[in-house]
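Commentary on secondary and tertiary structure
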Amino acid sequence: GQSLEQPSEVTAVEGAIVQINCTYQTSGFYGLSWYQQHDGGAPTFLSYNALDGLEETGRFSSFLSRSDSYGYLLLQELQMKDSASYFCAVLWAGSYQLTFGKGTKLSVIP
Amino acid sequence: DGGITQSPKYLFRKEGQNVTLSCEQNLNHDAMYWYRQDPGQGLRLIYYSQIVNDFQKGDIAEGYSVSREKKESFPLTVTSAQKNPTAFYLCASRGQGNIQYFGAGTRLSVL
């Protein structure tokens, strides 16, 4: 079956760096996406990896290794507003559906 | 401003009642999606539509129905057959780069 595993919660200090991992047991997908969702809000797109390697967008970077069935989201210079849930999602070939992980709740503390 | 508009923001369903959640987009996107989110959980796909007059079941379609008569609109009906409808419902459309854009959601509760 299709499944993505993420840690359920992570706590980090303001100004620090945090890495949120995503492992999966599936194949045949186009790429790995990351979305951010604040409490009660709508998910918003952060990053997408179609190929293995690192993608950088400002303070956020995302990495994919298909051979290791693994990806991660790296958040640098953490700010209080980064406190939110982060979801990895695989994009499926053909249907362009997204299958989401259960999300990682990040708490940034002073 | 372009975006996805969902209404209502909050909705209450009585036992045995069908309710319809609205989703409208002015992004000119062909593909649209409906997801259900339960507390502390990820998003699960209910239905999706890649083009007008066509739609496909997602992972949890039982107890739900949709229509796609216009490109801009993709309403979701939660039928009385859905025995556990309390959840946060999110509509999305797919744009360039396969990025999905989400509406603000509808929170459905049972009276």
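Everything in this summary refers to the structure shown in the same document.

About the thresholds
Residues numbered from 1 in each chain as written. Chains lettered and ligands numbered in written order. Predicted model: local features only at pLDDT ≥ 70, side-chain atom pairs only at ≥ 80, totals over all residues. Heavy atoms only, no water. Helix = DSSP H or I, 4+ residues; strand = E, 2+ residues; numbered from the N terminus. Rg over C-alpha atoms; globule rule 2.2 N^0.38 Å. Contact = heavy atoms within 4.5 Å. Lys, Arg positive; Asp, Glu negative; His and termini not counted. Charge placed at Lys NZ, Arg CZ, Asp CG, Glu CD. Core = buried A, V, L, I, M, F, W, Y, C linked by side-chain atoms within 4.5 Å. Buried < 20%, exposed > 50% of the residue type's maximum accessible area, 1.4 Å probe, protein only. Buried area = accessible area lost by both parts, 1.4 Å probe. Salt bridge = Lys/Arg side-chain N within 4 Å of Asp/Glu carboxyl O. Polar contact = N/O pair within 3.5 Å; in protein donor to acceptor, adjacent residues only side chain to side chain. Nonpolar A, V, L, I, M, F, W, Y, C, P; charged D, E, K, R; others polar. Disulfide = S-S within 2.5 Å. Pairing = 2+ DSSP bridges.

1. Overview of the overall build of chain A
The secondary structure content of chain A amounts to 0 helices and 11 strands. Overall, chain A shows an N-to-C arrangement of helices and strands of β-β-β-β-β-β-β-β-β-β-β. Against the compact-globule benchmark of 13 Å for 110 residues, chain A has a radius of gyration of 13 Å, which places it among compact chains. Expressed along its principal axes, the backbone C-alpha trace of chain A runs to roughly 45 × 30 × 20 Å. Excluding contacts between residues fewer than 6 apart, the proportion of contacts in chain A whose partners are at least 24 apart in sequence is 56%. Chain A carries 5 positive and 10 negative side-chain charges, and their two centres are separated by 6 Å.

2. Remarks on the nonpolar core
Ranked by size, the top nonpolar core spans 23 residues in total, and within it Leu32, Trp34, Leu75, Tyr86 and Leu106 of chain A carry the most contacts. For this core, the secondary-structure elements that each account for two or more residues are β2 (9-13), β3 (18-24), β4 (29-37), β7 (60-65), β8 (70-75), β9 (84-92) and β11 (104-109) of chain A. Once residues lying within four places of it in the same chain are set aside, the contact partners of Leu32 of chain A are Leu4, Cys22, Ser47, Tyr48, Asn49, Leu64, Gly71, Cys88, Ala89 and Val90 of chain A. One finds Trp34, Ile46, Tyr64 and Cys91 of chain B within the second-largest nonpolar core, a separate group that totals 19 residues.

3. Observations concerning the interface of chain B and chain A
Every contact between the two is made by 20 residues of chain B and, on the other side, 17 residues of chain A. For the pair chain B and chain A, the summed buried area comes to about 1,600 Å², and 55% of that belongs to carbon and sulfur atoms. Per-residue buried area on chain B facing chain A is highest for Leu43, Asn98 and Phe102 of chain B; these three make up 27% of the total on that side. Counting across the interface, chain B meets chain A through 0 salt bridges. Joining chain B to chain A, the criterion identifies 4 residue pairs in polar contact (both at pLDDT 80 or more). Every element with two or more residues in the side of chain B that touches chain A is listed here: β4 (32-37), β5 (43-51), β9 (87-94) and β10 (100-102) of chain B. When residues in the side of chain B that touches chain A are grouped by element, the largest group, 4 residues, is from β5 of chain B. The class makeup of the residues in the side of chain B that touches chain A is 10 nonpolar, 8 polar and 2 charged.

4. Section: the state of the cysteines
Following the criterion strictly, the structure yields 2 disulfides over all chains and no others. Paired through a disulfide, Cys22 of chain A and Cys88 of chain A show a sulfur-sulfur distance of 2.1 Å. Residues Cys22 of chain A and Cys88 of chain A share a disulfide whose torsion about the S-S bond is about 70 degrees; that sign makes it right-handed. Of this pair, Cys22 of chain A sits in strand β3 while Cys88 of chain A sits in strand β9, and the two are 66 residues apart along the sequence. Residue classification places Cys22 of chain A among the buried positions, given a relative accessible area of 0%. Put simply, Cys23 of chain B and Cys91 of chain B are joined by a disulfide, and their sulfur atoms are 1.9 Å apart. Negative torsions about the S-S bond denote left-handed disulfides, and the value of about -75 degrees found for Cys23 of chain B with Cys91 of chain B makes this one left-handed. Pair noted here: Cys23 of chain B is in strand β3 (residues 19-25) and Cys91 of chain B is in strand β9, with a separation of 68 residues, a long-range link.

5. A word on the sheet that holds strand β1 (residues 4-5) of chain A
Hydrogen bonds between backbone groups are what pair the strands of a sheet, and the pairing can be parallel or antiparallel. All names here are of chain A. Strand order in the open sheet formed by 5 strands is β1-β3-β8-β7-β6, with antiparallel pairing between adjacent strands. The sheet is open, and its two edges are formed by β1 and β6 (53-57), each paired on a single side. Where β3 and β8 come together, 6 bridges link them in antiparallel fashion. Counterpart to Gln19 in the pairing with β8 is Leu74.

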